[in-house]
Amino acid sequence: MGGRKTDQTDVPAPEDPDRKRVLNVLAQRRYRQRQRNRLAELEKKARLPSTEKDGQDSRSISPQSESREEEGIDKLPADIGVGTLTGHADAEDGTQCQFQFPSDATLEVPELKVVDVIHDIAVLLQCEDTIRNIKSIRTFTSTTCPSGHPLPTTFLPTHEQKRIPHHPVLDLLPWPPVRSKLIRVFNRSPNIRPPVARDPLAMMTLLNNMETPEDGLRVNGRDGYEADNWEVGQRFFANWWWALECEIVERSSALRVLRGKESLFVEG
């Protein structure tokens, strides 16, 4: 009954029937590691307030607790898909998280949330390993997302995504008109593009501007697939305003004002 064994650290060729399984295993490994890192960070934050107020050491976690937590991390679904963007998965047995955080601990870090959401979208679109490769080029075809998960409406490919070769970073933006406009711009000769798009490393600049703390992109709420939950920050706007729809700018400015920040403006 021994099935064929595949080295799960090597991704098989596209025609190999094991490719999908290996990609899924690798995605699960990355997901588990990110969950461990996130848990460690939250534990650290949870300890700080009580230490500062009471001068007491935080309660240590017993080996049994660590063992139970490790088991909880390993209880992952066979496929990691849409659910990872809409909140943390519940434990299979329905129990609550064993870690109790003080009420004054800051649990949500918006600057880091957008990085997680972008990564999860990249996993869904099968480009998590290529978005930081400056030479990556693709068109969006029926084989782009072989995971079997239906794509959310926001991330369905546009005409330009399906017809014009482009860098996969452009597929991660949550606004279809913006994706199309940027693909058309980057399909032109560099000398007639806007200045920020002329640089050979423009795709890395775009990704960096998306993930820049505070002034990059921001996800409000729990649903990273809903375009209206995304907000544009000043740094992103300063470089890419020419690709954004007026509605996006107006909504983002209104949300910024509610938080006591300036409306978006063109610098210089």
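Note that the structure is predicted; figures quoted are calculated from it, not measured.

Enquirer: Would you mind going over helix α8 (residues 246-258) in detail, with residue names and values included?
Expert: For an α-helix the count is 3.6 residues per turn, leaving residues at separations of three or four pointing the same way. Taking 1.5 Å per residue, 13 residues should reach 18 Å; α8 reaches 19 Å between its end C-alpha atoms and fits that length. Those residues of α8 not exposed but buried are I248, V249, S252, S253 and R256. End-on, the buried residues of α8 take up no more than an arc of 125°, which puts them together on one face. Seen from the open side of α8, the exposed residues pointing more than 90 degrees away from its buried face are C246, E247, E250 and L258. Where α8 is buried, its residues contact α5 (176-186), β2 (230-232) and α7 (234-240). The first or second residue beyond α8 is G260, which carries a positive phi of 85°.

Enquirer: Give a detailed account of the pattern of salt bridges, specifying residues and quantitative values.
Expert: This model, assessed by the stated rule, comprises 10 salt bridges. Taking the shortest distance from any N to any O, the salt bridge between R132 and E211 comes out at 3.1 Å. A residue pair is termed long-range when its members are at least 10 positions apart, and R132 in the loop between α3 (110-124) and α4 (159-163) and E211 in helix α6 (residues 202-211) qualify at 79 residues. Note that R235 is salt-bridged to E267, the shortest N-O span being 4.0 Å.

Enquirer: Talk me through the confidence of the model for the chain; I want residue IDs and the actual numbers.
Expert: Taken over all residues, the pLDDT of the chain has a mean of 77, while the share at 70 or more is 70%. Across the chain, element-level confidence peaks in α5 with a mean pLDDT of 98 and bottoms out in helix α2 (residues 63-74) with 47. Low pLDDT, under 50, characterises residues 1-8; the predicted model gives this stretch 12 contacts beyond four residues in sequence or across chains. A low-confidence stretch, residues 53-62 (pLDDT under 50), is modelled with 11 contacts involving residues beyond four sequence positions or located in other chains.

Enquirer: So what's going on with unusual backbone geometry? Residues and values would help.
Expert: If you check the backbone angles, Q126 has positive phi at about 60° while not being a glycine. In this structure, E214 is a non-glycine residue whose phi angle is positive, near 70°. With respect to the element layout, E214 can be found in the loop between α6 and β1 (217-219). Taking the relative accessible area as the measure of exposure, E214 reaches 40% and is therefore partly exposed.

Enquirer: Could you give me a rundown of the nonpolar core, with the residues and numbers involved?
Expert: Nonpolar side chains tend toward joint burial in soluble globular proteins. The biggest cluster of nonpolar side chains holds 45 residues, and the ones touching the most others in it are W175, L182, L206 and M210. At the level of secondary structure, the elements contributing two or more residues to this core comprise α3, α5, α6, β1, β2, α7 and α8. When residues in this core are grouped by element, the largest group, 6 residues, is from α3. Setting aside its immediate chain neighbours within four residues, L182 contacts L170, L173, L206, W240, W242 and A243.

Enquirer: Pulling in residues and values, what's your account of the side chain of R193?
Expert: Relative to the helices and strands, R193 is located in the loop between α5 and α6. At a separation of 3.1 Å, a polar atom in the side chain of R193 contacts the main-chain carbonyl oxygen of R188. Beyond its immediate chain neighbours, meaning those up to four positions away, R193 contacts V185, F186, R188 and R198.

Enquirer: Go over the packing of aromatic side chains with me, naming the residues and quoting the values.
Expert: Tallied over the entire structure, the rule returns 3 aromatic pairs. Note on F155 and Y225: the rings are 6.0 Å apart at their centroids and 75° apart in plane angle, and the pair reads as edge-to-face. With a gap of 70 residues between them, F155 in the loop between α3 and α4 and Y225 in the loop between β1 and β2 connect regions that are remote in the sequence. Like Y225, F155 is buried. One aromatic cluster is present, built from ring pairs that chain together F186, W240 and W242.

Enquirer: If you had to explain the environment of V185 to someone new, which residues and values would you point to?
Expert: Locating V185 in the fold gives a position in helix α5. Spatially, the C-alpha atom of V185 lies 9.0 Å from that of A243, the residues being 58 residues apart in sequence. Not counting residues within four places of it along the chain, the set of residues in contact with V185 comprises R193, P194, A197 and W242.

What counts, and at which threshold
- Residues numbered from 1 in each chain as written.
- Predicted model: local features only at pLDDT ≥ 70, side-chain atom pairs only at ≥ 80, totals over all residues.
- Heavy atoms only, no water.
- Helix = DSSP H or I, 4+ residues; strand = E, 2+ residues; numbered from the N terminus.
- Expected span 1.5 Å × (residues − 1).
- Buried < 20%, exposed > 50% of the residue type's maximum accessible area, 1.4 Å probe, protein only.
- Arc of directions from axis to C-beta.
- Contact = heavy atoms within 4.5 Å.
- Salt bridge = Lys/Arg side-chain N within 4 Å of Asp/Glu carboxyl O.
- pLDDT = per-residue confidence, 0-100.
- Core = buried A, V, L, I, M, F, W, Y, C linked by side-chain atoms within 4.5 Å.
- Polar contact = N/O pair within 3.5 Å; in protein donor to acceptor, adjacent residues only side chain to side chain.
- Phe/Tyr/Trp six-rings, centres within 6.5 Å; stacked < 30°, edge-to-face > 60°.

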